[in-house]
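# Close look at the chain arrangement
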Amino acid sequence: MHKSLVSITDYSKQEILSILESARDFEANPNRKTLDGKVIATLFFEPSTRTRLSFETAVVRLGGSIIGFSDAATSSSVKGETLNDTIHMVSCYADAIVMRHPLEGAARYAAEVSPVPIVNAGDGANQHPSQTLLDLYSILKTQGTLENLTICMVGDLKYGRTVHSLIQAMSHFNPTFKFIAPDELRLPEEYRVFCRQKGIPFTESRELNDNFNDADILYMTRVQKERFLDQIEYERVKNVYTLCNDMLAASKSNLKILHPLPRVNEISMDVDKNEKAYYFQQAQNGLYVRQAIVSKVLGLIE
Amino acid sequence: MEKELKVAALRNGTVIDHIPAVKLFQVVSILQLKNSHYPITIGNNLESKHIGTKGIIKIADRILSDDETGKIALIAPNATINIIKEYKVVEKRPLVPADEVHDLVYCANPVCITNHQPVPTNFYVLKEDGQVKLKCRYCEREFLREEIKLKKK
Ligand SMILES: [Zn+2]
């Protein structure tokens, strides 16, 4: 059986690089018939239109077919069917399952009981490896390398799963990190310990200002209102953490701004026309990376 | 006044001593002593010079497995386990936590799949800097020993 993709830590450095390599191939030629006759199930136990459309387009452009549901309300899980039973039922029809689930650990469990490979498209606040791989692909594509880069991460570093996974994935490539977050959303201790153990240099600060002037990548995340007990504090943070075009004046010429999208107000619209803004292309890169992921779990590429 | 609880000396078996009084019944549960047919002596709320009040368990004719010792080490790391043969301590069992624990404790993450579906829990036991942590195989969260709750069997 081929390996499921549940967590970015399931992949070695070599596997990450080979996925990115084939994503580059798919970008050069995204329409092929390599999934001809294959059926891929997309089981979305919670809605995520953005992620689902990206996976489904990836499959359809390779000639595969899609079955599934986009919302648990239309699935049998509302009738109390266990995840185990849903996975077994669907695996009778599909060659692979792409799933998103609100509960953490759902994808790991599904991968253990499933006869066909599982691709985790998000399990609660835990893992979302295709997002991490498309982040890496965007970094590789814009910088020409993943090695020795300075990555500045801004915003919700406490709950932001994309941040945590990116730290783990980048740890293979000798990075320097700059973490910018308000106290309420500071990077959890376990990730600071992780960096120290790996010998990865990092700095922490509370102010965005021009703290990213030596960065190659500025990774912005959404600061959500619900995370704050004190709404006055939220208003303050929201304004301090908004990136505006004039703040980019002294940044490096190769700097690219990434954001997992959707944005709320972390990036001012006037940044969109700056050539350093890369978040829309980043989303498009997701298509090629997901073509590579689906092909890999089906054993069609190394 | 004699406060020592008199318990019969053990000829062969296992003595688990210095269990914090509040942990005693958890250890009883881990070892599934409720269903055991071996002669057992259980004492609790005994005075201890070191830990306030303590519990003690003596199980005749049974020697604990390493797996059982590993589970006790998670709940009561400072307990002592002595293996007795012919009234003599023949082995002082070190309390080394097990590497993995299967369906012994609940995951402390309320949105973990194991708390919502009939999924047995599995934890990796991480031993770092003298601290013991449990990492859920499913939600990948890490917990301190004090945060976890034993499953009722
Ligand atoms: Zn868990």
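In this numbering scheme, every chain counts its residues from 1 along its sequence in written order. Ligands are numbered from 1 and chains lettered from A, in the order in which they are written. Note on the predicted model: pLDDT of at least 70 is required for a residue's local features to be given, and 80 or more for side-chain atom pairs to be given and counted; whole-chain, interface and lining totals, by contrast, use all residues. Side-chain figures throughout are based on the complete set of non-hydrogen atoms in the structure, without hydrogens or water.

### A short note on the packing of helix 5 (residues 129-143) of chain A against helix 6 (residues 161-170) of chain A
Residues and elements named next belong to chain A. Counted only if it meets this: Here the axes come from fitting lines to C-alpha atoms, over the contacting stretch only for helices, and the angles between their N-to-C directions go from 0 to 180 degrees. Helix and strand assignments come from DSSP, with helices taken as H or I runs of at least 4 residues and strands as E runs of at least 2, each series counted from the N terminus. For classification, angles of less than 35 degrees are called roughly parallel, those exceeding 145 degrees roughly antiparallel, those between 65 and 115 degrees roughly perpendicular, and all remaining angles oblique. Left-handed describes a crossing whose near helix is turned anticlockwise from the far helix by less than a right angle; the clockwise case is right-handed. Residues are treated as being in contact if the distance between any of their heavy atoms lies within 4.5 Å.
At a closest axis distance of 9 Å, the pairing of helix 5 and helix 6 adopts a crossing angle of 60 degrees. Between helix 5 and helix 6, the crossing angle belongs to the class labelled oblique. Here helix 5 and helix 6 pass one another in a crossing that is right-handed. Of the residues in helix 6, those in contact with Gln131, Thr132, Asp135, Leu136 and Ile139 of helix 5 are Thr162, Ser165, Leu166, Ala169 and Met170.

### A few points about the domain arrangement of chain A
How big an interface is tends to be stated in terms of the accessible area lost upon association of its parts. Residue and element names in this part refer to chain A. How we decide: Residue ranges assigned to each domain were obtained from an automatic or database domain assignment. Summed over both partners, the accessible area lost on bringing two parts together, with a 1.4 Å probe, is the buried area. The salt bridge criterion pairs a side-chain nitrogen of Lys or Arg with a carboxyl oxygen of Asp or Glu, the two atoms within 4 Å.
Looking at the assigned domains, one finds that chain A contains domain 1 (8-127 + 286-297) and domain 2 (129-283). Domain 1 and domain 2 are separated by 26 Å when their C-alpha centres are compared. Contacts between the two partners involve 27 residues from domain 1, matched on the other side by 22 residues from domain 2. For the pairing of domain 1 and domain 2, the buried interface totals around 2,100 Å² over both sides, and the portion due to carbon and sulfur atoms is 62%. Among the residues of domain 1 in contact with domain 2, Ile8, Lys13 and Leu20 are the three that bury the most area, contributing 29% of the side total. Applying the counting rule to domain 1 against domain 2 returns two salt bridges.

### Quick word on empty space enclosed by the protein
All names here are of chain A. Threshold: A cavity here means a set of 1 Å grid points, computed over protein atoms only, where a 1.4 Å probe fits but cannot escape. A pocket is an open set with protein on both sides within 12 Å along at least 5 of 7 lines, and lining residues have an atom within 4 Å of a point. Grid points are joined across faces, edges and corners, and a volume is the space filled by probe spheres set on the points.
Applying the stated criterion to the full structure yields one cavity of 30 Å³ or more. Quantified by volume, the largest cavity comes out at close to 30 Å³. Taken together, Val223, Val237, Lys238, Tyr241, Asn265 and Glu266 make up the full set of residues lining the largest cavity.

### Some details on the coordination of the zinc ion
All names here are of chain B. Which entries qualify depends on this criterion: Only nitrogen, oxygen and sulfur atoms qualify as donors, provided they sit within 2.8 Å of the metal or within 3.2 Å for Na, K and Ca; with water excluded from the atoms, sites may seem incomplete. Only four donors with every angle between 85 and 135 degrees are called tetrahedral; only four or six donors with opposite donors over 155 degrees apart and all others between 65 and 115 are called square planar or octahedral, in that order; all others are irregular. Classification of residues uses two cut-offs on accessible area relative to the type maximum, computed with a 1.4 Å probe and protein chains only: under 20% is buried, over 50% is exposed, and between them is partly exposed.
For the zinc ion, the protein coordination sphere consists of Cys107 (SG), Cys112 (SG), Cys136 (SG) and Cys139 (SG), at 2.3 to 2.4 Å. For the zinc ion, the four donor atoms in the first shell make angles of 102 to 118 degrees at the metal, a pattern classed as tetrahedral. All donor residues of the zinc ion come from one chain, and their arrangement in sequence is C-x4-C-x23-C-x2-C. Of this pair, cysteine 112 sits in the loop between strand 6 (100-102) and strand 7 (122-128) while cysteine 139 sits in the loop between strand 8 (131-136) and strand 9 (142-144), and the two are 27 residues apart along the sequence. Classification of cysteine 112 as buried rests on a relative accessible area of 0%.

### Describing the pattern of salt bridges
Oppositely charged side chains can form a pair if their charged atoms are brought close together. Residues and elements named next belong to chain A. A full pass over the atoms with the stated rule returns 28 salt bridges over all chains. Across the salt bridge formed by glutamate 189 and arginine 192, the nearest N and O atoms sit 3.3 Å from each other. Here arginine 192 and glutamate 189 lie together in helix 7 (residues 189-198), a separation of three residues that amounts to about one turn. With a closest N to O distance of 2.7 Å, arginine 263 and aspartate 272 form a salt bridge. One salt-bridge network, held together by shared partners, links Arg186, Glu189, Arg192 and Glu204.

### Considering the pairing of strand 2 (residues 40-48) of chain B
Residues and elements named next belong to chain B. For the record, the criterion: In this analysis, strands are considered paired if DSSP registers two or more bridges between them.
Summarising the sheet, strand 2 and strand 3 (residues 52-60) pair through seven bridges and their orientation is antiparallel. Following the sheet pairing, leucine 46 is matched in strand 3 by lysine 54. Connecting strand 2 to the antiparallel partner strand 3 that follows it, the hairpin turn spans three residues.

### Let's talk about the sheet that holds strand 4 (residues 80-85) of chain B
All names here are of chain B. Strand order in the open sheet formed by five strands is 2-3-1-4-5, with antiparallel pairing between adjacent strands. In the strand order of this sheet, the two ends are held by strand 2 and strand 5 (88-93), each with one partner. The average angle at which neighbouring strand axes cross in this sheet is 20 degrees, direction not considered. Examined bridge by bridge, strand 4 and strand 5 share five bridges and lie antiparallel to one another. Along strand 5, the bridge assignment pairs asparagine 82 with lysine 92.

### Some remarks on the side chain of A:Thr242
All names here are of chain A. We apply this condition: Whenever a nitrogen or oxygen atom comes within 3.5 Å of another N or O atom, the pair is scored as a polar contact, on the condition that within protein one atom can donate a hydrogen and the other can accept it, and that pairs from neighbouring residues in sequence are kept only if both atoms are in side chains.
Here threonine 242 shows up in the loop between helix 8 (231-240) and strand 9 (256-258). For threonine 242, a relative accessible area of 17% puts it in the buried group. Reaching out from threonine 242, the side chain makes a polar contact with the backbone oxygen of lysine 238 at a distance of 2.7 Å. Engagement of the side chain of threonine 242 in a polar contact is seen with the backbone oxygen of asparagine 265, the distance being 3.1 Å.

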